[in-house]
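# Reading the structure
Chain residues, written in single-letter form:
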Amino acid sequence: VKVDGKSWRTIWPEPDGSVGIIDQRHLPHAFVVERLTDVLSVARAIADMHVRGAGLIGATAAWGMYLAAREAGERDFFGDVERSAALLCETRPTAVNLSWAAGRVLAVLRAAPPLREARLAAARAEAEAITDGDAAMCASIGHHGLALFRDLHERRSGAVVNVLTHCNAGWLAFVDHGSATAPIYAAHDAGIPVHVWVDETRPRNQGASLTAWELGQHGVPHTVIVDNAGGHLMQHGRVDLVITGADRVTRQGDAANKIGTYLKALAARDNGVPFYVALPSSTFDWRMRDGLREIPIEERSADEVRFITGHDGEGVRSVRVTPPGSPAANPGFDVTPARLITGLITERGVCAAREEAIVELFPDHKDPA
Ligand code: MRU
């Protein structure tokens, strides 16, 4: 992806062995790059959301495991890296990409010859493979999702395709391209006229601050709306399809995504609007079936609800929007049941949100792990 004409990914290895990231807390007001030098700084960057989004959390954890291997002592190498893996996995509970990526690096460390250099080389190669793989899966999601836009464009006799998205499942949530945004970028680049309704996505406003910024950088027409506007727009025929990302999808197709997604799916069903979830296969949790019962939902700080951050023309400020004494609650995600999902857009193609259809695309996961 290009930012002001320069190519970027959201994470990259630096020549000195540290890991570069974009500190997303500052967007859209400033583009700030940060270097992570040890596993503790990686854990903080994930927990405090310098980086966020399922795919990027996974890639960051992979590089965190590489740094963990560099820090681990000779005497209790695996004790040290396992403690680091636990530290990383505790940072955020909902996106399954985190434990998936940390587990992959841990597995190659175990399989590597018991020599420091060989272990570091193996961990680094696996972190690179996870990073490149994430970008490749998202590019492929774009390719498969493009067909949906072509179809709608034809059926609407060439009119603009209006798509609604929630939160940020853009390139900032992955290494590149994004999941929900990949088909949007692909359609826009193919000359299909697209307009995106961007849910602001309280409390942290990833839609208003990240998705809107990304789409603007790419020149995709978009409009930011408050989270409660989507149903009204659907009732008036102003949304042709909804595409969201996901943080964890079960083998029967239940999808956890940023809080509020479920309400969009209900409104879409009531109005006959197709509702798609885009995800790389690293976001499937092959051990889970019932998303409502099984997916852990992160409860974040109530201050994210009580306060709102923005630019007042002079600088970035945070202001309280609630009475000082009012308690607030902040569940970060909700689960959209498979029955409300029209289809899943994956790197292997589009399928129904049903176990048989999912494992037909991913036969290697026919049996629960
Ligand atoms: O809390 P975040 O910003 O890490 O939440 C993740 C998200 O941005 C969304 O839930 C997204 O749609 C899925 S992640 C690709």
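Provided above is the structure to which this section pertains.
Residues numbered from 1 in each chain as written. Predicted model: local features only at pLDDT ≥ 70, side-chain atom pairs only at ≥ 80, totals over all residues. Heavy atoms only, no water.

### Thoughts on the overall build of the protein chain
A count of helices and strands for the protein chain gives 12 helices and 18 strands. The globule rule puts the C-alpha radius of gyration for 369 residues at 21 Å, and the 20 Å found for the protein chain is close to it. Across its three principal directions, the C-alpha atoms of the protein chain cover 65 × 55 × 45 Å. When the accessible surface of the protein chain is split by element, carbon and sulfur atoms take 52% of a total near 15100 Å². Averaging the coordinates of the 38 positive side-chain charges in the protein chain and doing the same for the 46 negative ones gives two points 1 Å apart. (Helix = DSSP H or I, 4+ residues; strand = E, 2+ residues; numbered from the N terminus. Rg over C-alpha atoms; globule rule 2.2 N^0.38 Å. Areas by Shrake-Rupley, 256 points an atom, 1.4 Å probe, with all protein chains shown as cover. Lys, Arg positive; Asp, Glu negative; His and termini not counted. Charge placed at Lys NZ, Arg CZ, Asp CG, Glu CD.)

### Comments concerning helix α4 (residues 97-111)
The terminal C-alpha atoms of α4, which comprises 15 residues, lie 21 Å apart, in line with the 21 Å expected from a rise of 1.5 Å per residue. Three or more residues of α4 are buried, namely Asn97, Leu98, Ala101, Ala102, Val105, Leu106 and Leu109. Down the axis of α4, the sector holding all buried residues measures 165°, keeping them to one side. In this structure, the buried residues of α4 make contact with α1 (39-47), α2 (54-71), α3 (77-89) and α5 (116-155). (Expected span 1.5 Å × (residues − 1). Buried < 20%, exposed > 50% of the residue type's maximum accessible area, 1.4 Å probe, protein only. Arc of directions from axis to C-beta. Contact = heavy atoms within 4.5 Å.)

### With respect to the packing of aromatic side chains
Under the criterion given, the structure shown has 9 aromatic pairs. Between Trp63 and Tyr66, the aromatic rings sit 5.8 Å apart at their centres with planes inclined by 90°, giving edge-to-face as the arrangement. Residue Trp63 and its partner Tyr66 are located together in helix α2, separated by 3 residues, close to a single helical turn. In this structure, Trp63 and Tyr66 share a single accessibility class: buried. Between the aromatic rings of Phe77 and Phe78, the centroid separation amounts to 5.1 Å while the plane-to-plane angle is 90°, which identifies the pairing as edge-to-face. Here Phe77 falls in the buried class, since its relative accessible area comes to 7%. For Phe78, a relative accessible area of 22% puts it in the partly exposed group. The positively charged end of Arg119 is found above the aromatic ring belonging to Phe77, 4.3 Å away from the centroid. Between the NZ or CZ atom of Lys258 and the centre of the ring of Phe333, over which it lies, the distance is 3.9 Å. (Phe/Tyr/Trp six-rings, centres within 6.5 Å; stacked < 30°, edge-to-face > 60°. Lys NZ or Arg CZ within 6 Å of the ring centre and 35° of its normal.)

### What to know about the site of the ligand
Among the 17 residues in the neighbourhood of the ligand, the closest are listed as Arg52, Arg92, Asp247, Asn257 and Lys258. In this structure, an oxygen atom belonging to the ligand sits 2.9 Å away from a main-chain N or O atom of Gly53. Residue Asn257 places a side-chain N or O atom 2.6 Å away from an oxygen atom belonging to the ligand. Within the complex, the protein chains bury 100% of what would otherwise be the 400 Å² of accessible surface of the ligand. The pocket occupied by the ligand, as judged from atoms lying within 2 Å of grid points, is the largest cavity. Class assignment of the residues belonging to the shell around the ligand gives a composition of 8 nonpolar, 5 polar and 4 charged. (Near = heavy atom within 4 Å. Polar contact = N/O pair within 3.5 Å; in protein donor to acceptor, adjacent residues only side chain to side chain. 1 Å grid on protein atoms, 1.4 Å probe; cavity = no way out; pocket = protein on both sides within 12 Å on 5 of 7 lines; lining within 4 Å. Sits in = over half its atoms within 2 Å of the grid points. Nonpolar A, V, L, I, M, F, W, Y, C, P; charged D, E, K, R; others polar.)

### Points about empty space enclosed by the protein
With the rule as written, the count across this model stands at 2 cavities of 30 Å³ or more. Around the largest cavity, the lining is made up of 20 residues, and of these Arg52, Gly53, Ala54, Asn168 and Asp247 lie nearest the centre. Every element with two or more residues in the lining of the largest cavity is listed here: α2 and β11 (255-258). A class-by-class count of the residues in the lining of the largest cavity yields 9 nonpolar, 7 polar and 4 charged. Estimated volume of the second largest cavity: approximately 60 Å³. If you trace the second largest cavity, you find 14 residues lining it, with Pro203, Arg204, Lys258, Glu304 and Gly332 closest to the centre. (Points joined across faces, edges and corners; volume = space filled by probe spheres on them.)

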